[in-house]
Amino acid sequence: MTLFGIRTRPRRRRRGLLAAPAAGGLAMAGLAAAGPLILPASAAPAPGPAAASATAGDVTGFSRSGNTFTVTASSGARARVVIARADIFRLWLSPDGSFTHDPAGSDLAATTDFGPVGAGWTDAGSHYRITTGSLNIRVNKSPLTFSVYRADNTTLVWAESRPTAWTGNRTTQYLTRGADEQFYGTGLRLGEWALRDKTVPVAVDNTWRENGNASPAPFYMSTNGYGVMRNTWAPGSYGFGAPTTLTHDEKRFDAWYFTGDSPKSVLDAYTDVSGKPFLAPLWGLELGNADCFNASNPDYQGDHGRPRHQTTPDVVGYADDARAADMPSGWFLPNDGYGCGYTAPLKETVDALQARGFRTGLWTSTGLADIAQEVGTAGSRAVKTDVAWIGGGYQQAFDGVRQAVDGIEGNSDARRFVWTVDGWAGTQRNAVVWTGDTHGTWDDMRWHVPAIAGAGLSGLNYAAGDIDGIFGGSPQTYTRDLQWKAFTPAFMTMSGWGAANPSAGYRDKQPWRFAEPYRSINRTYLRLKMRLMPYLYTMSRTAHETGVPSTRAMVLEYPDDPVARGNLTSGQFMAGDSFLVAPVVSDTTVRDGIHLPAGTWTDYWTGRTYAGPGRLDGYRAPLDTLPLFVKGGAIVPMWPQMNHTGEKPVSTLTYDIHPRGASSFSLYEDDGLTRAHLSGAYSRQRIDVTAPAAGSGTVTVSVGARVGDYAGKPAARGHEFTLHVASAPGRVAVDGSALARLTSKAAYEAAATGWFFDPADRGGILWVKSGTASGAFTLTATGTTVPAADPVPAAPAPPPAR
């Protein structure tokens, strides 16, 4: 992000606030040049006696119109409860009694009509009770406060501890806090994701340091089984103490509430209203590379003599370097608007990059005036916004991102692929968010892990940080940072504007420009990500359908695990439902404190299997080893090795399987590029595996037919299986017909069908080629053994919720 061509005088990007020109005929009306004029609640002084707060008073009236319930109070204030669905409602409190001021409109709450919903009400004496099939909403009469219970009218969801209060420019809700209640959310928070006892700014500051918020969202959720989105553009501050205090800088209270029986179900409901995460193109999951290739521009503030960076077409040489180094990578941002806009010929550059398997995006600090030509004629397919244009945040940034989306989708059949640094609630449906101007240090890496995993607890499927930051860095920090970020959906490296060779083995931040052993380690993890593309793409489709992100804080998969629900696990995450990733974020070769939840976990590199729950200390993790574990029962589809999508046909799909009990996977595929999937152009293929929970028996893999169609879908393809088992089976068959047992790996590689068991490969691998198939079939391996699991020391009892 920030231009730092002169390393001794790093320069923070201008927050100054340029009015953005119109883009492709889209007006920028409503984008304030300077952002909000009020001080965020997190920074403002507490109101003194002259700014005494007011409350609604007592209830004086209650009425119903359809599914809207209106409450009148003695102060003249009124409240509305709007039932949208049995598990979703809106609570709007107006101090002046009118409901005309709705600044967010439908921007944040994009979908609110879910069809007919049954609701009723009764006068229960001390309160009115509004009922749905899922909830009892109590309107307490004296004074006016609200509380919510489950359908049993006994189990508390949330309750106001005192009336909501307001001053001239601030409104605060006060909630009781449960004895062990935990809180998550608030967007891309730069630090730990379990928020009990923390005060979190829900405000843009563009400083990008720990405990700030790079892309705040006025949303949080609780382990009591609910989430809430304040329907506002105003900055705020959430204090998750006792009581919990939830403040925004406006004289109104307007919130949407979502309830569920798990964090996943709350995210599903939240994104039903605020919008599901967009589905990125396949190439958007590959490594992106950003740099300035127009150093000859007199306005450029770095080294005007940078070799091979004089004009935009020079990027093609870097693309050739990547391919010559056999280094997977998928897209370039070959410009930076801060004195480094692209030069002509843009279309020829885009075409040359595409011929090498790269897509092209553009980075803007000044707006989108030329996006119709850039997308429609030149073929650019991505936009990265920046703070000189959208740095005021809030609605300004939201509308700027929406303009970028419209510029891509209005001028091509491509999907949106936009990166932004100032998101808000609802940004998950439009953009990748990233952590801003950060540093290549172990300490920055430490807080990036929970930041990116925690962003998913606000429905942000695509959250990223520049690999090794943009300031400083080293070969070691780069290599470690790339390792774990390869297991997140979207990631990008910022090549930097500094010296070409700042230290031995460290040239710039493109992974193929490092000395050994760093270059080879980078290649290993990028190649692994490419093989995992069908798995990771399916996880992103899951996010698109349910709001559950691909990168998951441990609490999402293990909400009932007392260790997983708190910050004791903030340094690890789940990549989808099968991989547990425990990054190394210090200069060490030993990783301690890895929490393995209940179930079995297999070390990806060695094949050693552990039985959780427990804490794994002393894990050996030299520089080339990312601590990585696979959940028992995992079914992981894998592509053939390739350096970019489309380089090879997926004529054979490999399923990497860790048999353990009963498990299933539903593979999602589409054309990977266009918006045709929104009209149903995609396919699903279900795979079911049954195996012994322990010991010996039969492993059965049932591969379903591919249901659905899309452009480019192969009529048939081969299937290969790698089954992680501890002993050779007596027989392997497909639909009852035995496959030949082959006597060596070389013979297996040469054969069209057959099987080979290698006991020395990661604890035992059964390799199977079942041949080409167009429909369903069943594979059986009879008389094999699942790996024995070593116990892990029991995890220490977690401290009180924190």
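Fair warning: this is a prediction, and the values are worked out from it, not measured in the lab. (Residues numbered from 1 in each chain as written. Predicted model: local features only at pLDDT ≥ 70, side-chain atom pairs only at ≥ 80, totals over all residues. Heavy atoms only, no water.)

Student: Help me understand the overall build of the chain, please; the structure alone is not making it clear to me.
Tutor: Each helix and strand counted, the chain has 12 helices and 48 strands in total. In terms of overall size, the chain behaves like a compact globule, its C-alpha atoms giving a radius of gyration of 27 Å where 802 residues would be expected to give roughly 28 Å. Projecting the C-alpha coordinates of the chain onto the three principal axes gives extents of approximately 85 × 70 × 50 Å. A buried classification covers 61% of the 802 residues belonging to the chain. Of the contacts formed within the chain by residues at least 6 apart in sequence, a portion of 68% connects residues at least 24 apart. Taken as a whole, the chain presents about 26300 Å² of accessible surface, with 52% of it coming from carbon and sulfur. The average position of the 73 basic charges and that of the 71 acidic charges among the side chains of the chain differ by 1 Å. (Helix = DSSP H or I, 4+ residues; strand = E, 2+ residues; numbered from the N terminus. Rg over C-alpha atoms; globule rule 2.2 N^0.38 Å. Buried < 20%, exposed > 50% of the residue type's maximum accessible area, 1.4 Å probe, protein only. Contact = heavy atoms within 4.5 Å. Areas by Shrake-Rupley, 256 points an atom, 1.4 Å probe, with all protein chains shown as cover. Lys, Arg positive; Asp, Glu negative; His and termini not counted. Charge placed at Lys NZ, Arg CZ, Asp CG, Glu CD.)

Student: What is the right way to read the layout of surface pockets from this model?
Tutor: Once rolled over the atoms, a probe with the size of a water molecule shows which space is left empty. When its volume is computed, the largest pocket comes out at roughly 620 Å³. Surrounding the largest pocket, 34 residues form its lining, Leu282, Trp639, Gly646, Val650 and Asp671 being those nearest its centre. Counting residues per element, the ones that place at least two in the lining of the largest pocket are helix 10 (533-546) and strand 38 (662-669). In the lining of the largest pocket, the residues fall into 17 nonpolar, 9 polar and 8 charged. (1 Å grid on protein atoms, 1.4 Å probe; cavity = no way out; pocket = protein on both sides within 12 Å on 5 of 7 lines; lining within 4 Å. Points joined across faces, edges and corners; volume = space filled by probe spheres on them. Nonpolar A, V, L, I, M, F, W, Y, C, P; charged D, E, K, R; others polar.)

Student: Can you help me understand the pattern of salt bridges in this one?
Tutor: Any two side chains of opposite charge can pair, on the condition that their charged atoms come close. Enumeration over the complete set of coordinates arrives at 39 salt bridges. Between glutamate 557 and arginine 552 there is a salt bridge, with the nearest N and O atoms lying 2.7 Å from each other. In this pair, the class of glutamate 557 matches that of arginine 552, namely buried. Shared partners join several salt bridges into a network, and the residues in it are Arg85, Asp87, Asp268, Asp272 and Lys276. (Salt bridge = Lys/Arg side-chain N within 4 Å of Asp/Glu carboxyl O.)

Student: Can you walk me through the pairing of strand 4 (residues 88-94) in this structure?
Tutor: One face of the sheet, then the other: side chains in a regular strand alternate in exactly this way. Counting buried positions along strand 4 gives 7 out of 7 residues, so the element sits mostly inside the fold. Residues Ile88, Arg90, Trp92 and Ser94 of strand 4 are buried on one face, and the alternating residues Phe89, Leu91 and Leu93, pointing to the opposite face, are buried as well. With 7 bridges connecting them, strand 3 (residues 78-85) and strand 4 associate as antiparallel partners. Pairing of isoleucine 83 across the sheet is with phenylalanine 89, part of strand 4. Where strand 4 and strand 17 (residues 253-259) come together, 6 bridges link them in antiparallel fashion. If you follow isoleucine 88 over to strand 17, its bridge partner there is phenylalanine 258. (Pairing = 2+ DSSP bridges.)

Student: Sorry if this is basic, but what is going on with the side chain of glutamate 181 here?
Tutor: Secondary-structure assignment places glutamate 181 in the loop between strand 10 (171-175) and strand 11 (183-189). Although buried, glutamate 181 forms no salt bridge, and the nearest oppositely charged side chain, arginine 196, lies 5.9 Å from it. A polar contact is formed between the side chain of glutamate 181 and the backbone nitrogen of glycine 178, at a distance of 2.8 Å. (Polar contact = N/O pair within 3.5 Å; in protein donor to acceptor, adjacent residues only side chain to side chain.)

Student: What should I look at first to understand the state of the cysteines in this one?
Tutor: Here, the word disulfide means a covalent bond between the sulfur atoms of two cysteines. Going through the model one piece at a time under the given rule, you end up with 1 disulfide. One disulfide bridge connects cysteine 292 with cysteine 340, the sulfur atoms lying 1.7 Å from each other. What sets the handedness of the cysteine 292 and cysteine 340 disulfide is the S-S torsion sign, and at about 85° it is right-handed. Of this pair, cysteine 292 sits in the loop between strand 18 (287-290) and helix 2 (315-324) while cysteine 340 is found in the loop between strand 19 (331-333) and helix 3 (346-355), placing the two residues 48 residues apart along the sequence. Take cysteine 292 and cysteine 340: they sit in the same class, and that class is buried. (Disulfide = S-S within 2.5 Å.)

Student: Is there a simple way to explain the packing of aromatic side chains in this structure?
Tutor: Under the defined criterion, the tally for this structure stands at 43 aromatic pairs. For the pair phenylalanine 332 and phenylalanine 358, a centre-to-centre distance of 5.0 Å together with 50° between the ring planes defines the contact as tilted. Residue phenylalanine 332 is found in strand 19, and its partner phenylalanine 358 is found in the loop between helix 3 and strand 20 (359-363); the two are separated by 26 residues along the sequence. With respect to burial, phenylalanine 332 and phenylalanine 358 carry one shared label: buried. A network of ring pairs unites the aromatic residues Phe487, Tyr525, Tyr535, Phe579, Tyr604, Trp605 and Phe665 as a single cluster. The ring centre of phenylalanine 114 lies 4.9 Å from the NZ or CZ of arginine 85, which sits over that ring. (Phe/Tyr/Trp six-rings, centres within 6.5 Å; stacked < 30°, edge-to-face > 60°. Lys NZ or Arg CZ within 6 Å of the ring centre and 35° of its normal.)

Student: Would you explain the sheet that holds strand 46 (residues 765-773) in this entry?
Tutor: By definition, the strands of a sheet pair up through backbone hydrogen bonds, in either a parallel or an antiparallel sense. In space, the 5 strands of this open sheet follow the order 36-37-42-46-45, with mixed pairing throughout. Each of the sheet's edge strands pairs with one partner strand only, and the pair in question is strand 36 (635-638) and strand 45 (754-758). Put simply, the sheet's adjacent strands are angled 20° from each other on average, direction ignored. The sheet contact formed by strand 36 and strand 37 (residues 652-657) spans 4 bridges and is antiparallel. Counterpart to valine 636 in the pairing with strand 37 is aspartate 656. (Axes fitted to C-alpha atoms, helices over the stretch in contact; angles between N-to-C directions.)

Student: How should I be thinking about the packing of helix 2 against helix 3 in this particular structure?
Tutor: A packed helix pair is summarised by two numbers, namely the angle formed by the two axes and the spacing between the axes. At a minimum axis distance of 10 Å, the contact between helix 2 and helix 3 shows a crossing angle of 5°. By the angle between their axes, helix 2 is roughly parallel relative to helix 3. Mapping the contact onto sequence places Val315, Val316 and Ala319 in helix 2 and Thr349, Ala352 and Leu353 in helix 3. Classifying every residue of the contact of helix 2 with helix 3 by side-chain character gives 5 nonpolar, 1 polar and no charged. (Parallel < 35°, antiparallel > 145°, perpendicular 65-115°, else oblique.)

Student: What's the story with helix 7 (residues 442-455) in this structure? I'm lost.
Tutor: Residues spaced three or four apart along an α-helix point in a common direction, a consequence of the helix completing one turn every 3.6 residues. Taking 1.5 Å per residue, 14 residues should reach 20 Å; helix 7 reaches 20 Å between its end C-alpha atoms and fits that length. When the local axis directions of helix 7 are compared, the greatest deviation, roughly 25°, occurs at histidine 448, which is followed within four positions by the proline proline 450. With 11 of 14 residues buried, helix 7 lies mostly within the body of the structure. Three or more residues of helix 7 are buried, namely Asp444, Met445, Trp447, His448, Val449, Pro450, Ala451, Ile452, Ala453, Gly454 and Ala455. Packing partners of the buried residues in helix 7 comprise strand 11, strand 24 (439-440), strand 25 (463-464), helix 8 (475-485), strand 28 (551-552) and strand 29 (573-575). (Expected span 1.5 Å × (residues − 1). Bend = angle between axes of the 7 residues up to and from the residue.)

Student: Sorry if this is basic, but what is going on with the sheet that holds strand 17 here?
Tutor: Taken in spatial order, the 8 strands line up as 1-2-3-4-17-14-13-11 in an open sheet, and their pairing is antiparallel. Because the sheet does not close on itself, it has two edges, and the strands there are strand 1 (59-65) and strand 11. Each strand of the sheet is rotated relative to its neighbour by a mean of 20°, with strand direction disregarded. Docked against the sheet, helix 1 (residues 263-274) engages strand 3, strand 4, strand 13 (213-222), strand 14 (226-230) and strand 17, running at close to 135° with respect to strand 17.

Student: What is the right way to read the pairing of strand 47 (residues 777-785) from this model?
Tutor: Taken together, the 7 bridges between strand 40 (residues 696-703) and strand 47 define a ladder with antiparallel strand orientation. Across the sheet, the residue bridging to serine 696 is threonine 785, located in strand 47. Both strand 43 (residues 731-734) and strand 47 contribute to a ladder of 4 bridges, which runs antiparallel. The residue of strand 47 that forms the bridge with valine 732 is alanine 781.

Student: What is the right way to look at the environment of glutamate 348 in this model?
Tutor: With respect to the helices and strands, the residue glutamate 348 is situated in helix 3. Its relative accessible area of 49% is what places glutamate 348 among the partly exposed residues. Distance in space between the C-alpha atoms of glutamate 348 and glycine 379 is 9.6 Å, their sequence separation being 31 residues.

Student: What is the right way to read the nonpolar core from this model?
Tutor: Judged by nonpolar contacts, the single largest core of 128 residues is most densely connected at Phe417, Trp419, Phe487, Phe579, Val701, Phe721 and Leu766. Residue contributions to this core peak at 7 residues, all from helix 7. Non-local contacts of phenylalanine 579, meaning those with residues more than four positions away in its chain, are made with Phe487, Leu532, Tyr535, Phe573, Met574, Tyr604, Leu628, Phe629, Val630 and Val636. Among the nonpolar cores identified, the runner-up in size contains 70 residues, and Ile88, Ile130, Ala269 and Phe398 belong to it. (Core = buried A, V, L, I, M, F, W, Y, C linked by side-chain atoms within 4.5 Å.)

Student: What is the right way to read helix 2 from this model?
Tutor: Where helix 2 is concerned, the buried positions are Val315, Val316, Tyr318, Ala319, Ala322 and Arg323. Mapping the buried residues of helix 2 onto a view down its axis gives an arc of 155°, with all of them on the same face. Those residues of helix 2 hidden inside the fold are in contact with strand 19 and helix 3. The positive-phi residue at the C-terminal boundary of helix 2 is aspartate 326, with phi of around 55°. (Arc of directions from axis to C-beta.)

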